[in-house]
Amino acid sequence: MTTEPTSTPAAAPRNDLRFIVIGAGMSGILSAIKLKQAGFDDFAVYEKADRLGGTWRENTYPGIACDVPSHFYSYSFAPNPDWSHRFSPGAEIHAYFEAVAHRYGVHERIQFGKEVTRCAFEDGRWRIETSDGATDVADFVIAATGVLHHPAIPDIEGLDDFEGALFHSARWDHDVPVAGKRVGVVGTGSSAIQIVSALVDRVEELTLFQRTAQWITPIENPAYSDTEKAEFQEHPEAMQTIRDAVARAFTDGFANVLVDADSPMLQVIHDSCLANLENNVKDPELREKLRPDYRATCKRLIMSEDFYDAIQRPNAKLVTEGIERLEKSGVRTRDGRLHELDVLVLATGFRVEDFVRPMRVIGRSGASMDEVWKDGPFAHLAISVPDFPNFFMLNGPNGPVGNFSLIEVAELQFGYILQLVEQVRSGACDEICASQEAMQRFDAERREAAKKTIWASGCKSWYLDADGLPTAWPFTFDRFREEMSKPQLGDFERR
Ligand code: NAP
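Residues numbered from 1 in each chain as written. Predicted model: local features only at pLDDT ≥ 70, side-chain atom pairs only at ≥ 80, totals over all residues. Heavy atoms only, no water.

Q: Go over the state of the cysteines with me, naming the residues and quoting the values.
A: Taken as a whole and assessed by the stated rule, the structure comprises 1 disulfide. Disulfide pairing places C298 opposite C459 at an S-S distance of 2.1 Å. A torsion of -95° about the S-S bond marks the disulfide between C298 and C459 as left-handed. Here the residue C298 occupies a position in the loop between α8 (284–289) and β12 (302–303), and C459 occupies one in the loop between α12 (436–450) and α13 (477–485), the gap between them amounting to 161 residues. (Disulfide = S-S within 2.5 Å. Helix = DSSP H or I, 4+ residues; strand = E, 2+ residues; numbered from the N terminus.)

Okay, structure coming up:
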């Protein structure tokens, strides 16, 4: 049922609304700041860990950086003149979020070590339970729980038999020495490529276990000079100029073209990756092993200025034979060879379909999110699920993901959410969520569009659902901006 928009408030404006933000990563910090700025001061941020930072807290592997330019991968309202590089390292990004949270007075609002285990909509409000047995009640829940936060541990036989050190890339064990050791890396995603490049000169031998070759686009990562940083400090508009230029270039040259597999721009990107491979990998046998058999950008494009150099070092070894099992001294591949190792890193990605789970979320009808999402997660415009009123997700299912700034995505989404909140604050309704009809219409259109994207052009990736259909936002990024600018209130059920 779609409730038609009404301009007549049902009741008096409400200035007593309470919010709970789940997660103190990039989008949770954003939510807290934006709530404060909008005049909503009654909120709590629950964070399961003992520090903020989300993905930038959890991923500390050697070489970690963001492959989105730093002046774009920053909050629009908090430019940072001190970024060290065009693509700054992870620790610097983490420090940036810490600094912003302090500067905007939201750090003290974060309750650390409190994992939200259950949220239930009861008697018109959300009742929250946390891992320490505490409860809380709020009018709104903002689930800022992230996308890439449940490590995927591969189903490889003998994981427990390996006597060396073994850990996932997102759980890097800094107590394990790698210098002078024989280190193996499983996977060739963005994480693995950064790890290989950073480690190869520190270890005795580096073995990369590749199941699927990756297209690599070369990027340069110059450091900002002190003069440039001083210029940014003095003239913040210079940072805005970079930001606008990068945003436009990412939108026109990338995000907007990925959704049309026939776009000529995709061929340009493909050709540049191909030239990178042909020109920079000398040994023909290695070059063939590194040559993907699908189109560039079908998987998330890897950006690296040094991976091909790294994998051609004398102490680097690329293994393309499948992994049979782990044994106490290393990895046995299907050709019977044993690759002896001291350390094995599983750079094997994340379980992306979980979203807000394992938290148990119970909606208005009594159904849980697990039941509603039994065939896969969905949300109207990635934000709202029918029958889960006043519960909004940032970077939720079917939203834009890819080689651009998830900060911009979250900022646009939060602007949209605030307009939904305004419906309740103004007294127009008490409860608001996407209508079933709008949700189904959006999902049908999304599914149809997904088939035409480059992600559906014949490769395996974390963008695909169990049926092989891309789950990411399949429309242009310009359309996303447009959709986020103003909710179509007719698509929302309001009570
Ligand atoms: P990923 O892209 O999902 O890559 C996982 C890798 O592990 C793939 O190469 C996969 O092979 C391999 N793999 C998985 N299970 C395996 C098995 N059983 N045996 C052998 N290989 C196996 O994960 P990720 O590299 O951690 O990156 C995830 C996402 O995080 C990225 O796409 C990106 O969105 C984000 N990220 C961003 C940055 C950045 O700079 N902004 C850096 C790191 C990560 P197949 O390809 O054959 O499946």
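Q: So what's going on with the domain arrangement of the protein? Which residues, and what values?
A: Once the domains are mapped, the protein shows domain 1 (19–150 + 351–494) and domain 2 (165–215 + 259–346). Spacing between the C-alpha centres of domain 1 and domain 2 amounts to 31 Å. Across the boundary between the two partners, domain 1 contributes 26 residues, which contact 26 residues of domain 2. When the buried surface of domain 1 facing domain 2 is broken down by residue, Y61, P62 and I454 rank first, second and third, together holding 31% of it. Across the contact surface, domain 1 and domain 2 share 7 residue pairs in polar contact (both at pLDDT 80 or more). Of the residues contributing to the side of domain 1 that touches domain 2, the split by class is 11 nonpolar, 11 polar and 4 charged. (Domains from an automatic or database assignment. Contact = heavy atoms within 4.5 Å. Buried area = accessible area lost by both parts, 1.4 Å probe. Polar contact = N/O pair within 3.5 Å; in protein donor to acceptor, adjacent residues only side chain to side chain. Nonpolar A, V, L, I, M, F, W, Y, C, P; charged D, E, K, R; others polar.)

Q: Which residues make up the environment of A11, and what values go with them?
A: Considering the arrangement of structural elements, one finds A11 in the segment before β1 (19–22). On the accessibility criterion, A11 (44% relative accessible area) is partly exposed. Once the C-alpha coordinates of A11 and T60 are considered, the two residues, 49 residues apart in sequence, prove to be 50 Å apart. Not counting chain neighbours up to four residues away, the residues in contact with A11 comprise S426 and G427. (Buried < 20%, exposed > 50% of the residue type's maximum accessible area, 1.4 Å probe, protein only.)

Q: Outline the sheet that holds strand β19 (residues 391–393), supporting the account with residue identities and numerical values.
A: The strand order across the open sheet built from 5 strands is β3-β2-β1-β7-β19, with neighbouring strands paired in parallel fashion. At either end of the open sheet lies a strand with only one pairing partner, and these are β3 (110–112) and β19. Shown here is a sheet whose adjacent strand axes are inclined to one another by a mean of 20°, direction ignored. With 3 bridges connecting them, strand β7 (residues 140–143) and β19 associate as parallel partners. By the bridge assignment for β19, V141 is matched with F391. Contacting β1, β7 and β19, helix α11 (residues 406–425) crosses the sheet at an angle of about 170° to β19. (Pairing = 2+ DSSP bridges. Axes fitted to C-alpha atoms, helices over the stretch in contact; angles between N-to-C directions.)

Q: Tell me what's going on with the confidence of the model for the protein, and back it up with residues and numbers.
A: Averaged over the protein, the pLDDT score is 95; the fraction of residues at 70 or greater is 98%. In this model, residues 1–7 is a region of pLDDT below 50 whose contacts with residues beyond four sequence positions or in other chains number 16 contacts. (pLDDT = per-residue confidence, 0-100.)

Q: Go over the pattern of salt bridges, please, and point to the residues and values.
A: Per the counting criterion, the structure on display carries 39 salt bridges. Between R364 and D387 there is a salt bridge, with the nearest N and O atoms lying 3.3 Å from each other. With R364 in the loop between β18 (360–362) and α10 (369–372) and D387 in the loop between α10 and β19, the pair connects residues that are 23 residues apart, well separated along the chain. What makes R364 buried here is its relative accessible area of 18%. Judged by its relative accessible area of 23%, D387 falls in the partly exposed class. (Salt bridge = Lys/Arg side-chain N within 4 Å of Asp/Glu carboxyl O.)

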